[in-house]
Each structure stands twice: as C-alpha cells, then as structure tokens.
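# Analysis of the macromolecular model
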Amino acid sequence: MIENVDIVLRTLLAPAQTTRPYPDQGIQEGEMDEDERQHALGLMRVNHVGEVCAQALYQGQSMTARDQSNREALQHAAQEEVEHLAWTEKRIQELGGRVSLLNPVWYASSLAIGVAAGVLGDKWNLGFLEETEKQVTKHLEEHLEALPAQDAKSRAVVTQMREDEMKHAEMAHDFGAAPLPLPVKMAMEAMSKVMTSISYKI
C-alpha cells in the first residue's frame, strides 16, 4: 500500500526522473511565433497527460496481475513511462507552459480502468495494454505531423516516445494479450479524444 501511494505522489507532485538522456539533448530551439509555440505546448501537455494516465494504468494492472512475470513486465514498462513524464515535463517548461490542472482526475480514472482490466484476468489485462499502446502510438504519429516543422526538440521527444510505446505493445502481445472486442476499442478511442481535447487547453 505504501509503495502504491508513493507512486501516486511521485507521479502527481514530484519532478519525474530519467536514466536515459533527453531525446532532444543538443538540439537547438527552433524559432516559432506565438501561435506555433502555443500549439506545440498544447500537444506536449496532451502527451504529458498520456504519460500520467500510463502510470496509473500500469499501476492498476500490475496490482491485479496474477502472473509474476507479467507483473514484472508491467513494472518495467512503467519505468520507461516515468522517463516520458520527465521528457514531456521538461519540454512543457521550455515552451513556457504548465502541465494539465486535471492530472489528479486523469490519474484516478486511469487507475480505476487499470484495476478493472486486471481483475478480468491476465490475458485481458495484457490485451487492454496492447490496444492502449497501439492507440498511443497512432496518437503520437499524428502529433509528429501536427507539430510545427521547426520544433525539432519536441519532435525528437515524441519520436522516441513512439518507439518505446511500440515496444510496449509488442511486449504485451508476446506475453499472450487477448484481442479486445471492437466496441471496447471504439470506447477507448472516444475516451482518448475527450481527454485530448480538454488537456490541450487545461
């Protein structure tokens, strides 16, 4: 219980830490007008929210995972998501903005979903994880197209995040993820769109 409370507090209140170098290390800041900067900021805030949700999902899923190897795989992936938190948080600060004010809400809702997925059993737990990471990968690819062309720093961060998320989806598949029914996938996409539209601004 103490360990899980610690994860919540670290995610929401403490600066995230990274063991890998920042993907944008050594890249010069591009010249952007105010509209472009605000757009890049909104997109990176959305990405940060996605990583907050990922921490909660992985936490909920690892709490209810039955197989020890599955639990360890989830915890390893969660550590990489912490690095994503650090990268996006730093980039948001560089762009002169702040993280979403609704992070506690996003975290609580995602934790509940993660626990529910885990209760259904490991194969469905992993299936939910695989589909989540596939949708996140698609979302990051859209952001790569939407970011201002001169914002090479944000682009470097998002590119590395996309590679990591693809690996997480492959990991879940290799561990025996069950394919989710189409209505569940559609519901996940709808929830993601709501979160994206709100966190872009708030």
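About the criteria used
Each residue is numbered by its place in its chain's sequence as written, counting from 1. Local features in a predicted model are, by the rule used here, given only for residues with pLDDT of at least 70; side-chain atom pairs are given and counted only at 80 or more, and totals for whole chains, interfaces and linings are based on all residues. Note that water and hydrogens are dropped before the side-chain values are worked out from all heavy atoms of the structure. Labels follow the DSSP assignment, with helices taken as runs of H or I lasting at least four residues and strands as runs of E lasting at least two, numbered in each case from the N terminus. For every residue, the accessible area (1.4 Å probe, protein chains only) is compared with the maximum for its type, and the residue is labelled buried under 20%, exposed over 50%, or partly exposed between those bounds. A contact between two residues is defined here by any heavy atoms of the two lying within 4.5 Å. Per-residue and other accessible areas were derived by the Shrake-Rupley procedure at a 1.4 Å probe size, with only the shown protein chains allowed to occlude residues. Here the axes come from fitting lines to C-alpha atoms, over the contacting stretch only for helices, and the angles between their N-to-C directions go from 0 to 180 degrees. Geometric relationships in this document are graded by angle, where less than 35 degrees denotes roughly parallel, more than 145 denotes roughly antiparallel, 65 to 115 denotes roughly perpendicular, and other angles denote oblique. Gly counts as polar in this scheme, as do all residues outside two lists: the nonpolar Ala, Val, Leu, Ile, Met, Phe, Trp, Tyr, Cys and Pro, and the charged Asp, Glu, Lys and Arg. It is the rotation of the near helix from the far one that decides the hand of a crossing: anticlockwise by less than a right angle makes it left-handed, clockwise makes it right-handed. We count a salt bridge whenever a side-chain nitrogen from Lys or Arg sits within 4 Å of a carboxyl oxygen from Asp or Glu. Here the expected length of a helix is defined as 1.5 Å per residue gap, with one fewer gap than residues. His residues and chain termini do not enter the charge count, which takes Lys and Arg as positive and Asp and Glu as negative. Residue-level confidence of the predictor is summarised by pLDDT, bounded by 0 at the bottom and 100 at the top. Among buried residues, the Ala, Val, Leu, Ile, Met, Phe, Trp, Tyr and Cys ones that are joined through side-chain atoms within 4.5 Å form a nonpolar core.

## What to know about the overall build of the chain
The secondary structure content of the chain amounts to seven helices and zero strands. The helix and strand sequence of the chain, counted from the amino end, reads α-α-α-α-α-α-α. Relative to its 202 residues, the chain shows a buried fraction of 45%. At a minimum sequence separation of 6, the contacts of the chain that also span at least 24 residues come to 88%. When the accessible surface of the chain is summed, it comes to about 10200 Å², and 60% of that surface belongs to carbon and sulfur atoms.

## Some points on the packing of helix H4 (residues 103-119) against helix H5 (residues 122-146)
H5 packs onto H4 with a crossing angle of 140 degrees between their chain directions and a minimal axis gap of 6 Å. Accordingly, the angle class assigned to the pair H4 and H5 is oblique. Between H4 and H5, the residues in contact are Ile113, Ala117 and Gly118 and Trp124, Asn125 and Phe128, respectively. Within the contact of H4 with H5, the residues separate by chemical class into four nonpolar, two polar and no charged.

## Side note on the packing of H5 against helix H7 (residues 182-199)
As a packed pair, H5 and H7 sit with axes 11 Å apart at the nearest point and diverge in direction by 45 degrees. With respect to their mutual orientation, H5 and H7 come out oblique. Between H5 and H7 the crossing geometry is right-handed. Between H5, through Phe128, Glu131, Thr132 and Gln135, and H7, the contact on the second element is made entirely by Lys185, Met188 and Glu189. Among the residues forming the contact of H5 with H7, the class breakdown is two nonpolar, two polar and three charged.

## Thoughts on the pattern of salt bridges
Tallied over the entire structure, the rule returns ten salt bridges. Between Arg91 and Glu29 there is a salt bridge whose closest N-O contact spans 2.6 Å. Pair noted here: Arg91 is in helix H3 (residues 68-94) and Glu29 is in the loop between helix H1 (2-13) and helix H2 (34-64), with a separation of 62 residues, a long-range link. Judged by relative accessible area, which is 1%, Arg91 ranks as buried. Beyond isolated ion pairs, a larger network of salt bridges with shared partners links Asp24, Glu29, Lys90, Arg91, Glu94, Asp151 and Lys153.

## Some thoughts on H4
For H4, built from 17 residues, the straight-helix expectation of 24 Å at 1.5 Å per residue is met to within 8% by its first-to-last C-alpha distance of 24 Å. Two residues or fewer after H4 comes Gly121, characterised by a positive phi angle close to 125 degrees.

## Let's talk about the side chain of Glu51
Position of Glu51 relative to the elements: it lies in helix H2. For the buried residue Glu51, which engages in no salt bridge, the nearest side chain bearing the opposite charge is Arg20, 9.0 Å off. Leave out the neighbours within four places in its chain, and Glu51 touches Glu81, His84, Leu85, Met161 and Glu165.

## Quick word on the confidence of the model for the chain
With 88% of its residues at a pLDDT of 70 or more, the chain has an overall mean of 83. Ranking the helices and strands of the chain by mean pLDDT puts helix H6 (residues 152-174) first, with 89, and H1 last, with 61.

## Considering the nonpolar core
Residues Met44 and Val158 are the most contacted members of the largest nonpolar core, which totals 20 residues. Among the elements that make up this core, the one with the highest residue count is H2 (six residues). Counting residues in each nonpolar core, the second largest holds nine residues, with Ala54, Ala78, Leu129 and Met171 among its members.

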